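# Remarks on the overall topology
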Amino acid sequence: MNKNLIPVLVAGYPSLDEFKSILKKLDEYVDTMVIAMPFADSIIEGEAIYEANNLVLAKGISIDDIFNSLFEIRLSIKAKLIFKTYANTIYAYDSANFISLMHKLDVQALMVNDLPYEENTEFIDELNKYGIELINTIATLDEERKKMIIDSARHYIYYLPSSEKIKDDIEYIKRQKELTILMSESELAYQYADGILTVKDILTMIQKENR
């Protein structure tokens, strides 16, 4: 499988109109995009994402605003969409409503940053109802847990390196199931991943255009 760059866009950044414009522009070059819903405590995702999230929230851009913006342009976007967010964002909006709107936007999959595999029952039934995949995170852990996570995956799995056994982990996943292995952008990702989530270059591009 060829390396596939997947841009990660903070929804509503740097403004709703510019966000829509960037989506349309990137749609000419990529076949999948990740839309990250703004969240106040996103420091674990790095400074660039954290600052972008805070800017969106400081402007008072709501989840409703973001959904409305996406509905305005979805028919003109060919790329597959993956949502990336936190569990509290979904709960606060009402999970059934949030996932229903994802379905109406033809969102293929959902990544929930702070959702352990054992707690995915909170959303899985509603997601399955609409055929939306929940992308679970896998790291270097015991064999039984890794196998459970892999078995539950349909198309994607997000791999988070946590030891030096990266090559062994990737080979193990591929032996178990044919999946698109996603990793955040790094030298290791270019070596091992099928899909590379790129954040820094996208945010840099946006910042340059807005100077």
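Residues numbered from 1 in each chain as written. Predicted model: local features only at pLDDT ≥ 70, side-chain atom pairs only at ≥ 80, totals over all residues. Heavy atoms only, no water.

### A short note on the overall build of the chain
When you go through the chain residue by residue, the secondary structure sums to 10 helices and 9 strands. Computed over its C-alpha atoms, the radius of gyration of the chain comes to 17 Å, within 12% of the 17 Å expected for a compact globule of 211 residues. Along the first, second and third principal axes, the C-alpha set of the chain runs to 45 × 35 × 30 Å. Burial status across the chain gives 49% buried among its 211 residues. (Helix = DSSP H or I, 4+ residues; strand = E, 2+ residues; numbered from the N terminus. Rg over C-alpha atoms; globule rule 2.2 N^0.38 Å. Buried < 20%, exposed > 50% of the residue type's maximum accessible area, 1.4 Å probe, protein only.)

### Digging into the nonpolar core
Within the largest apolar cluster, 42 residues are counted, with the highest numbers of intra-cluster contacts made by Leu 9, Leu 23, Met 33, Phe 67, Phe 83 and Phe 98. The element best represented in this core is helix H3 (residues 63–73), accounting for 5 residues. When sequence neighbours within four positions are dropped, the list of residues in contact with Met 33 reads Ile 6, Pro 7, Leu 9, Leu 23, Leu 26, Asp 27, Ile 77, Ala 79, Lys 80, Leu 81 and Ile 82. Counting residues in hydrophobic clusters, the runner-up holds 18 residues, among them Ile 166, Ile 170, Ala 189 and Ile 196. (Core = buried A, V, L, I, M, F, W, Y, C linked by side-chain atoms within 4.5 Å. Contact = heavy atoms within 4.5 Å.)

### Examining the environment of Val 56
Within the fold, Val 56 resides in helix H2 (residues 47–58). Through-space distance from the C-alpha of Val 56 to that of Pro 14 is 6.8 Å; in sequence the pair is 42 residues apart. Ignoring any residue separated from it by four or fewer positions in sequence, one finds Val 56 in contact with Val 10, Ala 11, Gly 12, Tyr 13, Pro 38 and Ile 61.

### Observations regarding the sheet that holds strand E4 (residues 107–112)
If you walk across this open sheet you meet the 9 strands as E5-E4-E3-E2-E1-E9-E8-E7-E6, and the pairing is parallel. Two strands bound the open sheet, and with one partner strand each, they are strand E5 (133–134) and strand E6 (137–138). In this structure, strand E1 (residues 4–10) lies alongside strand E9 (residues 195–198), joined through 4 bridges in parallel fashion. Bridging across to E9, Asn 4 finds its partner in Gly 195. Packed onto the sheet, helix H8 (residues 166–176) meets E6, strand E7 (156–159) and strand E8 (180–184) and runs at close to 165° relative to E7. (Pairing = 2+ DSSP bridges. Axes fitted to C-alpha atoms, helices over the stretch in contact; angles between N-to-C directions.)

### Overview of the side chain of Ser 69
Topologically, Ser 69 is positioned in helix H3. Setting aside residues no more than four positions away along its own chain, Ser 69 makes contact with Leu 16 and Lys 20.

### What about H2?
The α-helix winds at 3.6 residues per turn, so residues separated by three or four positions along the chain end up facing the same way. Compared with the 16 Å implied by 1.5 Å per residue over 12 residues, the 16 Å span of H2 between its first and last C-alpha is a close match. Of the residues making up H2, those classed as buried are Ile 49, Ala 52, Asn 53 and Val 56. End-on, the buried residues of H2 take up no more than an arc of 100°, which puts them together on one face. More than 90 degrees from the buried face of H2, the exposed residues found are Glu 47 and Ala 58. One or two residues past the end of H2 sits Gly 60, with phi positive at roughly 75°. (Expected span 1.5 Å × (residues − 1). Arc of directions from axis to C-beta.)

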